[in-house]
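Here is how the chains run, residue by residue.
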Amino acid sequence: MITSPMITTGPASTVNPVIAVNPMDGASVLATFGALGVLVVIFAESGLLVFGFFLPGDTLLFPAGVLCAGTAEQAPRLVLWQVLLCAAVGAVAGGQVGFLLGRHGGRALLARTDRRRIRETAARSEKLLARYGYGKALVIGRFIPMVRTVLHPAAGALGVPTRTFTIWQIVGGLLWSQSLVLAGYALGASVPDIDDYLLALVAAVVAVSLLPLLPVLTESRRARRDR
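Here is a short report on the structure shown in this document. No experiment lies behind these values; they were computed from the predicted model shown.

### Examining the overall build of the chain
Stage number 1. Looking only at helices and strands, the chain features 13 helices and zero strands.
Stage number 2. For the chain, the sequential pattern of α-helices and β-strands runs α-α-α-α-α-α-α-α-α-α-α-α-α.
Stage number 3. A total of 227 residues make up the chain; the buried ones form 42% of that total.
Stage number 4. Put simply, 77% of the contacts in the chain that link residues at least 6 apart link residues at least 24 apart.
Stage number 5. For the chain, the exposed area adds up to about 11600 Å²; of that, 65% sits on carbon and sulfur atoms.

### A closer look at unusual backbone geometry
Stage number 1. Unusually for a residue other than glycine, Met 146 sits at a positive phi of about 70 degrees.
Stage number 2. Relative to the helices and strands, Met 146 is located in the loop between helix H9 (134–141) and helix H10 (147–157).
Stage number 3. A relative accessible area of 24% places Met 146 in the partly exposed class.

### Concerning the packing of aromatic side chains
Stage number 1. For the coordinates displayed, the defined rule picks out one aromatic pair.
Stage number 2. With a centroid separation of 4.2 Å and an interplanar angle of 15 degrees, the aromatic rings of Phe 99 and Phe 165 are classed as stacked. Remark: Phe 165 occurs in helix H11 (residues 162–190) and Phe 99 occurs in helix H6 (residues 80–103); sequence separation between them is 66 residues. Phe 165 matches Phe 99 in its accessibility class, with the two residues each being buried.
Stage number 3. Here Arg 131 stacks its cationic end above the ring of Tyr 132, 5.5 Å away from the centre of that ring.

### Remarks on the environment of Val 147
Stage number 1. With respect to the secondary-structure elements, Val 147 resides in helix H10.
Stage number 2. Exposure remark for Val 147: the relative accessible area of 2% places this residue in the buried category.

### Some details on the nonpolar core
Stage number 1. With 22 residues, the main nonpolar core has Leu 30, Val 38, Ile 42, Leu 60, Leu 61, Leu 78 and Val 83 as its most contacted residues.
Stage number 2. Residues within four places of Leu 61 in sequence aside, it is in contact with Val 38, Ile 42, Ala 87, Trp 176, Ser 177, Leu 180 and Val 181.
Stage number 3. Leu 129, Ala 137, Val 160 and Phe 165 belong to the second-largest nonpolar core, a separate cluster that totals 12 residues.

### What about a nonpolar patch on the surface?
Stage number 1. Residues Val 79, Trp 81, Leu 85 and Val 89 make up a contiguous nonpolar surface patch of roughly 360 Å² in combined accessible area.
Stage number 2. Examined against the element boundaries, Trp 81 turns out to sit in helix H6.

### Comments concerning H11
Stage number 1. Over its 29 residues, H11 extends 41 Å from the first C-alpha to the last, a length consistent with the 42 Å expected when each residue adds 1.5 Å.
Stage number 2. Of the residues making up H11, those classed as buried are Phe 165, Gln 169, Gly 172, Gly 173, Trp 176, Ser 177, Leu 180, Val 181, Gly 184 and Gly 188.

### Observations regarding the pattern of salt bridges
Stage number 1. Applying the stated criterion across every chain yields a total of two salt bridges.
Stage number 2. Notably, a salt bridge pairs Glu 45 with Arg 148, separated by 2.9 Å at the nearest N-O pair. Remark: Arg 148 occurs in helix H10 and Glu 45 occurs in helix H3 (residues 35–45); sequence separation between them is 103 residues. There is no split in this pair, since Glu 45 and Arg 148 are both buried.
Stage number 3. A salt bridge links Asp 58 to Arg 148; the shortest N-O distance between them is 3.3 Å. Of this pair, Asp 58 sits in helix H5 (residues 58–67) while Arg 148 is found in helix H10, placing the two residues 90 residues apart along the sequence. Comparing Asp 58 with Arg 148 shows no difference in burial state: the two are buried.

Conventions used here
Residues numbered from 1 in each chain as written. Predicted model: local features only at pLDDT ≥ 70, side-chain atom pairs only at ≥ 80, totals over all residues. Heavy atoms only, no water. Helix = DSSP H or I, 4+ residues; strand = E, 2+ residues; numbered from the N terminus. Buried < 20%, exposed > 50% of the residue type's maximum accessible area, 1.4 Å probe, protein only. Contact = heavy atoms within 4.5 Å. Areas by Shrake-Rupley, 256 points an atom, 1.4 Å probe, with all protein chains shown as cover. Phe/Tyr/Trp six-rings, centres within 6.5 Å; stacked < 30°, edge-to-face > 60°. Lys NZ or Arg CZ within 6 Å of the ring centre and 35° of its normal. Core = buried A, V, L, I, M, F, W, Y, C linked by side-chain atoms within 4.5 Å. Patch = residues over 30% accessible without salt bridge, like charges linked within 9 Å, V, L, I, M, F, W, Y side chains within 5 Å. Salt bridge = Lys/Arg side-chain N within 4 Å of Asp/Glu carboxyl O. Expected span 1.5 Å × (residues − 1).

Okay, structure coming up:
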């Protein structure tokens, strides 16, 4: 049975935690739904283009790993194997659904969207596939915020072979989801009061994850300057 952290709001509170949850706030999702929240959010962020674009990924998995680590003063607030399993299922299933959506009408969906950031990220995803090749791009793209949401529908729209996509998106999904949860768990188990530094650590994780985009952004700026 998958458990979620208990929330106490006091005897006089009438707040419904399910209604009050903020899906774009990783801490809110974890506090309300626990490991099941990880599964749903990672699934949506890995392939549901419009709905998953702004959902937390790195900022959900890393803190979830921290919450799985207990200390001498406090028991673990989440169960490690449950978080790992939910993260893996959400990442792999979401990536495959995103690919199928892209294969069946993905270009039309991208063309119709009125969100400039989605269109720009789709262009970067295509450049990532062209620059690194299918396998490497699908693995690297998992670690880049926003790109991982658009990359799978873009791969489907571009006609990436299903077998090639499936193999490499599973590899990338497992590497990304499991490594971030285990990194958070390792830090939570070894650093006292890690919760005090969680925001800074999450910011560092996001900054590092953007590094693979630097060559693509540099090429784009160079191309615009040449034109």
